[in-house]
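# A structural walkthrough
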Amino acid sequence: MHRVTKSAFLSIVIAFIAISGLATACSSEPERSAAEFCSVMDKHKQRYLANMEAATSNIGNENSAIAIITGLGQTASALGDLTIMWDELSAVAPDDIRADVDKIAKNYSAQMDSAGDSMSNPLGSLASGLTSGLTTSGSYQRVDKFIGDNCDVGS
C-alpha cells in the first residue's frame, strides 16, 4: 500500500487548485451581469432601430412597389433578429432575471418558428400567440423593470 506524505498531499491539492483556476479563467462562459446584459440589449436595440427606420422609409415610398416589398422584408428580418437578441441576452442575464429571460427567449423563438403556420391556421395561430403572450407576461414585466432599473433606456 502506498502512503501519501503530507507534502505530496499538499502538492496534489495545490496542483488541483491551479488547474481549477486555469479552467475557470479559460472558461468560455460569458459574464452574467447587469452591465453585460445592458450592453447586449443596447447593441441589438441600435441594430433593430436602424433596420426598422430603413423598413419604414421603404414602406412609406408609395411610388415603388419594390420598395414597399423590400420594407416589409426588412421588417420581418428585424423581428427575426430579435430571436438572436433574446438568445444573447439569455447567455448574459444575471441570476435574478435569468429564468425570465430564458423563458422569453424560448417563447419568442417558438413564436417565430410557428409564424409560417398563421397562413394555414390564422385562428389557431392567434390563439396560440395570445396564450403565449399571457403566460410570459410576468417574465416580460420583470425583465422590463430590470431594464428600467439597470440600463440607460434613453433614445
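Use the structure listed above.
Residues numbered from 1 in each chain as written. Predicted model: local features only at pLDDT ≥ 70, side-chain atom pairs only at ≥ 80, totals over all residues. Heavy atoms only, no water.

Our next topic: the overall build of the protein chain. Regarding its fold elements, the protein chain presents five helices and zero strands. For the protein chain, restricting intrachain contacts to residue pairs at least 6 apart in sequence, the fraction spanning at least 24 positions comes to 68%. Accessible surface for the protein chain amounts to roughly 10,600 Å². Of this, 61% is attributable to carbon and sulfur atoms. (Helix = DSSP H or I, 4+ residues; strand = E, 2+ residues; numbered from the N terminus. Contact = heavy atoms within 4.5 Å. Areas by Shrake-Rupley, 256 points an atom, 1.4 Å probe, with all protein chains shown as cover.)

By secondary structure assignment, the location of T83 is in helix 3 (residues 65-92). Judged by relative accessible area, which is 16%, T83 ranks as buried. Residues contacting T83, with those up to four places away along its chain left out, are Y108, S109 and M112. (Buried < 20%, exposed > 50% of the residue type's maximum accessible area, 1.4 Å probe, protein only.)

This paragraph deals with the environment of L82. Following the sequence through the fold, L82 ends up in helix 3. Using a relative accessible area of 16% as the deciding quantity, one classes L82 as buried. Residues within four places of L82 in sequence aside, it is in contact with Y48 and Y108.

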